[in-house]
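# Chains, contacts and geometry: an overview
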Amino acid sequence: MNEPVIDLQSDHYFMGEALRQAVRAYEAEEVPIGAVVTRNGRIIARAFNQVELLKDATAHAEMLAITQAEEAVGDWRLTDCTLYVTKEPCPMCAGAIVHVRFARVVFGAPDLKSGAAGGALNLLQWPTLNHRCEITPGMREEECRNLLRSFFAEQRKKPAPNPESPGAEPDTGSGG
């Protein structure tokens, strides 16, 4: 079987499109993660994190892009598609990535604490799962990492919400 030739120029370009989505997330005060899905060298889905906007813990860039890609393809199977995402997918997203059977995942910044594409664990190539994705890590890593660092540095400078103010959420100790 002939392995497909990976065009690193295309990877660079498509990660740039994912970075544009991450900037949109940043501008919306969301964690700046963007994703695009390609099929046959064309973008079929674009998304950015919208957890706060939609008040939905599952509204990660990857999850939103997967839903768009499924609509574009007309099937839940994305076997001939590639996902580009600016940060290593979390376990939730990695589970969905395996389930839809992406051929390949290209990510920018690694996540050693909770990444599930080789950082903390590797669900994308877990031996007993029914599908394994090819992984290309570190594409435009510095740009992706810098965007995340800048966002979190800004967040740390903001004053903490007053727990007595109307609309303030109680501290449940569940982290985030």
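Using the criterion set out here, one finds zero disulfides in the structure. Cysteine 90 takes part in no disulfide bond, and the closest cysteine sulfur, belonging to cysteine 93, lies 3.8 Å away. Overall, the relative accessible area of 0% leaves cysteine 93 in the buried class.

All right, on to the pattern of salt bridges then. One pass over the full model with this rule turns up 10 salt bridges. Ionic pairing is found between aspartate 80 and arginine 39, a salt bridge with its closest N-O pair at 2.9 Å. Placement of aspartate 80 in the loop between α3 (61-73) and β3 (81-87) and of arginine 39 in strand β1 (residues 34-39) is noted, with a sequence separation of 41 residues between them. Given a relative accessible area of 36%, aspartate 80 falls into the partly exposed group. Ionic pairing is found between glutamate 141 and arginine 145, a salt bridge with its closest N-O pair at 2.2 Å. One end of the pair is glutamate 141 and the other is arginine 145, both in helix α5 (residues 141-157) and four residues apart, which spans about a single turn.

Thresholds applied
- Residues numbered from 1 in each chain as written.
- Predicted model: local features only at pLDDT ≥ 70, side-chain atom pairs only at ≥ 80, totals over all residues.
- Heavy atoms only, no water.
- Disulfide = S-S within 2.5 Å.
- Buried < 20%, exposed > 50% of the residue type's maximum accessible area, 1.4 Å probe, protein only.
- Salt bridge = Lys/Arg side-chain N within 4 Å of Asp/Glu carboxyl O.
- Helix = DSSP H or I, 4+ residues; strand = E, 2+ residues; numbered from the N terminus.

What is shown is where atoms sit, not what they do.
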